[in-house]
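Here's the letter readout for the chains.
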Amino acid sequence: VYKRQGKPLPTPLRGNRLRSLAIQTLVELRPQRKMRRWDGMEITLLYFEGCPHSQLASDRITSAIEGLDRDDIAGPKHVLVNTPEDANRLGFRGSPTILIDGRDPFPTDSPVGFSCRVYRTEHGTDGAPSVEQLHAAFQQEPRGRAASVG
């Protein structure tokens, strides 16, 4: 008589029924993995469809991350903002908006909504922060999370 966790197996067990029971037993016996929580910095890029500067912002974020000697930065996570409700919920002040752990490191008085965002850089106004500005923001941003995005 075959036993499963000290109980006799029902008979007859053949073919698919036996395989199904074997798989279920293995699943019950496997060690439970604890999910690791990400404690690093999370970079989010909010944009609307057709934004002429979203790719530029994404490329600059990637360059700024690569220029740092850190492995605790995830991103950029791209979040497409489709509706006015999404814009309000996310605090979307124009495209592209960059968030570090849910916070905007480049505050603006612009209203929430669908517009092109302009950043002041060391070279004048631009559709995205410079790599140097992003690099500095990634190093200065305080730890601690704001509301979740996306």
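Only a predicted model underlies this, so the values are computations on that prediction, with no experimental measurement involved.

## Brief notes about helix α2 (residues 54-66)
Thought 1: The terminal C-alpha atoms of α2, which comprises 13 residues, lie 18 Å apart, in line with the 18 Å expected from a rise of 1.5 Å per residue.
Thought 2: For α2, the complete set of buried residues consists of Ser54, Ala57, Ser58, Arg60, Ile61, Ala64 and Ile65. All buried residues of α2 fall inside an arc of 165° around its axis, so they share one side. For α2, the exposed residues lying more than 90 degrees away from the buried face are Gln55 and Glu66.

## So, the pattern of salt bridges
Thought 1: One pass over the full model with this rule turns up four salt bridges.
Thought 2: The salt bridge involving Arg60 is made with Asp126; its shortest N-O contact spans 3.0 Å. Taken together, the residues span a long stretch of sequence, with Arg60 in helix α2 and Asp126 in strand β9 (residues 124-126) at a distance of 66 residues.
Thought 3: Close ionic contact of Arg89 with Asp86 constitutes a salt bridge, the shortest N to O distance being 3.4 Å.

## Some points on the side chain of Ser54
Thought 1: As for its placement among the helices and strands, Ser54 is situated in helix α2.
Thought 2: Polar side-chain contacts of Ser54 include one of 3.5 Å to the backbone oxygen of Cys51.
Thought 3: Discounting chain neighbours no more than four positions away, the residues touching Ser54 are Leu45, Tyr47 and Pro96.

Parameters and conventions
Residues numbered from 1 in each chain as written. Predicted model: local features only at pLDDT ≥ 70, side-chain atom pairs only at ≥ 80, totals over all residues. Heavy atoms only, no water. Helix = DSSP H or I, 4+ residues; strand = E, 2+ residues; numbered from the N terminus. Expected span 1.5 Å × (residues − 1). Buried < 20%, exposed > 50% of the residue type's maximum accessible area, 1.4 Å probe, protein only. Arc of directions from axis to C-beta. Salt bridge = Lys/Arg side-chain N within 4 Å of Asp/Glu carboxyl O. Polar contact = N/O pair within 3.5 Å; in protein donor to acceptor, adjacent residues only side chain to side chain. Contact = heavy atoms within 4.5 Å.

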